[in-house]
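Each chain, letter by letter, is given below.
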Amino acid sequence: MAFSINGGCFSASFHHPSIDNEKRLRHGKMVKEIGYILNNTDRKDPLEGLVMIDTLQRLSIDYHFREEIEFFLKTQYMNFRSPNHPQLDVFGVALCFRLLRQEGYNVSQ
């Protein structure tokens, strides 16, 4: 909020600690929820987890979920190499390939 007194421009900032605390609590809760979803998607639908990781990376918030992402991709790498892995469409295979290669897994072309 800006206001003028005697030709000078001043700005005022109103800080309310309970609002900041509420935002931190909401942020922490959302991080836990996303981590939980990421930990449980590999069992149901691997494509959902792959898309979520891609989205987290594009939003540049994947650093909050390094452990979950590493665990998920390690699981996908093991599944990808087994003959009984769930079948993915072309988009899913390409996304899985890119994410695994990006994280340093040796996936053949």
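How each quantity is defined
Residues numbered from 1 in each chain as written. Predicted model: local features only at pLDDT ≥ 70, side-chain atom pairs only at ≥ 80, totals over all residues. Heavy atoms only, no water. UniProt positions renumbered as here; feature names shortened; annotations may be inferred. Salt bridge = Lys/Arg side-chain N within 4 Å of Asp/Glu carboxyl O. Helix = DSSP H or I, 4+ residues; strand = E, 2+ residues; numbered from the N terminus. Buried < 20%, exposed > 50% of the residue type's maximum accessible area, 1.4 Å probe, protein only. 1 Å grid on protein atoms, 1.4 Å probe; cavity = no way out; pocket = protein on both sides within 12 Å on 5 of 7 lines; lining within 4 Å. Points joined across faces, edges and corners; volume = space filled by probe spheres on them. Nonpolar A, V, L, I, M, F, W, Y, C, P; charged D, E, K, R; others polar. Phe/Tyr/Trp six-rings, centres within 6.5 Å; stacked < 30°, edge-to-face > 60°.

In the annotation of an unreviewed UniProt entry, the protein chain is listed under the name Terpene synthase N-terminal domain-containing protein and assigned to Salix suchowensis. Quoted straight from UniProt, the Cofactor (unreviewed entry) entry for the protein chain says "Mg(2+)".

1. What about the pattern of salt bridges?
Oppositely charged side chains can pair when the atoms bearing their charge come close. Summed over all chains, the structure comprises four salt bridges. The residue Asp54 makes a salt bridge to Arg58 at a minimum N-O spacing of 3.0 Å. One end of the pair, Asp54, and the other, Arg58, are both in helix H2 (residues 46-58), four residues apart, so they sit about a helical turn from each other. Given a relative accessible area of 65%, Arg58 falls into the exposed group. In this structure, Asp54 and Arg98 form a salt bridge, with 2.4 Å as the shortest nitrogen-oxygen distance.

2. Here we look at empty space enclosed by the protein
If a probe as big as a water molecule is rolled over the atoms, it shows which places are left empty. Evaluation of the coordinates by the stated rule reveals one cavity of 30 Å³ or more. Taken as a whole, the largest cavity encloses approximately 50 Å³ of empty space. For the lining of the largest cavity, the element with the most residues is helix H3 (residues 66-81), which contributes three residues. Taken together, the residues of the lining of the largest cavity break down into five nonpolar, three polar and no charged.

3. Some remarks on the packing of aromatic side chains
Considering all chains together, one arrives at one aromatic pair under this definition. Centre to centre, the rings of Tyr77 and Tyr105 are 4.8 Å apart; their planes meet at 35°, and the pair counts as tilted. Note that Tyr77 is positioned in helix H3 and Tyr105 in the segment after helix H4 (90-102), a separation of 28 residues in sequence. Assessed through its relative accessible area of 22%, Tyr105 is described here as partly exposed.

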